[in-house]
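Single-letter residue listing:
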Amino acid sequence: MGSALSSDPAYLPATVRRAAKILITGHFAVGKTTFVRTLSEIEPLRTEEVMTQAGELVDDLAGVPGKKTTTVAIDFGRRTLSDSLVLYLFGTSGQDRFVHLWESYAQGALGALVLVDPRRLADSFDMMARLEEMALPHAVAVNHFDGAPRYSDDELRQALDLLPDTPLVTCDARDRASSVRAVIELVDHLLDHLRELV
Ligand SMILES: Nc1nc2c(ncn2[C@@H]2O[C@H](COP(=O)(O)OP(=O)(O)OP(=O)(O)O)[C@@H](O)[C@H]2O)c(=O)[nH]1
Ligand SMILES: [Mg+2]
């Protein structure tokens, strides 16, 4: 019985003692829902709605022509990172019109992983400013899109006005190994941050 439960990914290992809420965030269509789906060990909860003509003027689909839906509230997934630590992943909506949800998103969150599309760096400015304002510790993951410009870390840091200790990594939200690496960078950063507080 015990072994059946422990082999079912729906159940957490009995050794897990710590849980952390992490936000997966970023601007519209940067790959947040994809990232949560790739990383989650359970079937993620999604709140996708079909995009309609009404949003045509605000939903900039340049570079993501196949995208038909958008997150209207939250994505939720779970990833056990070690024998003792589980992450609860909350993917935010990228739509400006849901900015009022941010207070709920941030409630109890230890930190955020900000996905960035190198083809539209300026679209990330509002998000970076919001996280600074909320003093929410974060790491930045540049999501790989085919044909996107390749910037050096220095160029990206300068463009996004990152603090020297803000981790900057690259990932492909469709690829599990690189997504795990990105989230581990964030967790390491959060642990450093927590150590500074005690
Ligand atoms: N080439 C490439 N495409 C990606 C990647 N990540 C996501 N996509 C595609 O980009 C599109 C947008 O992905 P979503 O995961 O829906 O983006 P989102 O940030 O959740 O979008 P909103 O919730 O509407 O803000 C989808 O068609 C994905 O298949 C990536 O790393 N590389
Ligand atoms: Mg989404």
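Nothing here was measured: the structure is a model prediction, and the numbers come from that model.

Chemist: Explain the coordination of the magnesium ion (ligand 2) to me, please; I cannot follow it from the model alone.
Modeler: For a metal with four donors in a tetrahedral arrangement, the ideal angle between donors is 109.5 degrees, while six donors in an octahedron ideally sit at 90 or 180 degrees. Summarising the metal site, the magnesium ion (ligand 2) is bound by the protein donors T33 (OG1) and T71 (OG1), whose distances to it range over 2.1 Å. Of this pair, T33 sits in helix α2 (residues 32–39) while T71 sits in strand β3 (residues 69–71), placing them 38 residues apart in sequence. The buried category is assigned to T71, whose relative accessible area is 5%.

Chemist: Help me out: how do you make sense of the packing of aromatic side chains in this one?
Modeler: Pairs of aromatic rings are described using the distance from one ring centre to the other and the angle between the two planes. Enumeration according to the criterion identifies three aromatic pairs in this entry. A centroid spacing of 5.9 Å and a plane angle of 10° characterise the contact between F76 and Y88, whose relative ring orientation is stacked. Of this pair, F76 sits in strand β4 (residues 74–80) while Y88 sits in strand β5 (residues 85–92), and the two are twelve residues apart along the sequence. Among the residues examined, F76 registers a relative accessible area of 23% and is labelled partly exposed. A relative accessible area of 25% places Y88 in the partly exposed class.

Chemist: I'm lost on the sheet that holds strand β6 (residues 109–116) in this one. Help?
Modeler: Strands in a sheet are paired, the pairing made by backbone hydrogen bonds, and the direction either parallel or antiparallel. Read from one edge of the open sheet, six strands run β4-β5-β1-β6-β7-β8, paired in mixed fashion. The two strands at the open ends of the sheet, each matched to only one other strand, are β4 and β8 (168–171). Averaged over all adjacent pairs, the angle separating strand axes in this sheet is 25°, with direction ignored. Bridge count between strand β7 (residues 138–143) and β8: four bridges; the pairing is parallel. Bridging from a neighbouring strand, N143 pairs with C171 of β8. Docked against the sheet, helix α6 (residues 176–197) engages β1 (18–26), β4, β5, β6, β7 and β8, running at close to 140° with respect to β6.

Chemist: What is the right way to look at the site of ligand 1 in this model?
Modeler: Surveying the vicinity of ligand 1 reveals 18 residues, the closest of which are K32, T34, T70, N143 and H144. A distance of 2.8 Å separates an oxygen atom of ligand 1 from a polar atom in the backbone of T33. In the model, an oxygen atom of ligand 1 is placed 2.6 Å from a nitrogen or oxygen of the T70 side chain. A molecule is said to occupy a pocket when more than half its atoms come within 2 Å of that pocket's grid points, and by this definition ligand 1 occupies the largest pocket.

Chemist: Help me understand the environment of P137 in this model?
Modeler: Relative to the helices and strands, P137 resides in the loop between α4 (125–134) and β7. Relative accessible area serves as the criterion here: at 12%, P137 is assigned to the buried category. Between the C-alpha atom of P137 and that of L194, which follows or precedes it by 57 residues, the distance is 9.9 Å. The residues contacting P137, other than those within four sequence positions of it, are L110, G111, A112, H189, L190 and H193.

Chemist: Just to check I follow, could you spell out the pairing of β5 for this structure?
Modeler: Sheet faces and side chains relate simply in a regular strand, where the side chains alternate between the two faces. With respect to burial, β5 is a largely interior element, seven of its eight residues being buried. Where β1 and β5 come together, seven bridges link them in parallel fashion. Its bridge partner lying in β5, L23 is registered against F90. Looking at chain direction, β4 and β5 are connected through seven bridges and run antiparallel.

Chemist: Teacher, can you tell me more about the pattern of salt bridges here?
Modeler: Evaluation of the coordinates by the stated rule reveals six salt bridges. Among the salt bridges present, the one from R119 reaches D117, with a minimum N-O distance of 2.8 Å. A residue is classified by how much of its surface remains accessible, and D117, at 0% relative accessible area, is buried. Taking the shortest distance from any N to any O, the salt bridge between D123 and R120 comes out at 3.8 Å. The class of D123 is partly exposed, set by a relative accessible area of 36%. Residue classification places R120 among the buried positions, given a relative accessible area of 9%. Through salt bridges with shared partners, a single ionic network connects D117, R119, R120 and D123.

Basis of the calculations
Residues numbered from 1 in each chain as written. Chains lettered and ligands numbered in written order. Predicted model: local features only at pLDDT ≥ 70, side-chain atom pairs only at ≥ 80, totals over all residues. Heavy atoms only, no water. Donors = N, O, S within 2.8 Å, 3.2 Å for Na, K, Ca; no water. Helix = DSSP H or I, 4+ residues; strand = E, 2+ residues; numbered from the N terminus. Buried < 20%, exposed > 50% of the residue type's maximum accessible area, 1.4 Å probe, protein only. Phe/Tyr/Trp six-rings, centres within 6.5 Å; stacked < 30°, edge-to-face > 60°. Pairing = 2+ DSSP bridges. Axes fitted to C-alpha atoms, helices over the stretch in contact; angles between N-to-C directions. Contact = heavy atoms within 4.5 Å. Near = heavy atom within 4 Å. Polar contact = N/O pair within 3.5 Å; in protein donor to acceptor, adjacent residues only side chain to side chain. 1 Å grid on protein atoms, 1.4 Å probe; cavity = no way out; pocket = protein on both sides within 12 Å on 5 of 7 lines; lining within 4 Å. Sits in = over half its atoms within 2 Å of the grid points. Salt bridge = Lys/Arg side-chain N within 4 Å of Asp/Glu carboxyl O.

All we've got here are geometric facts, nothing functional implied.
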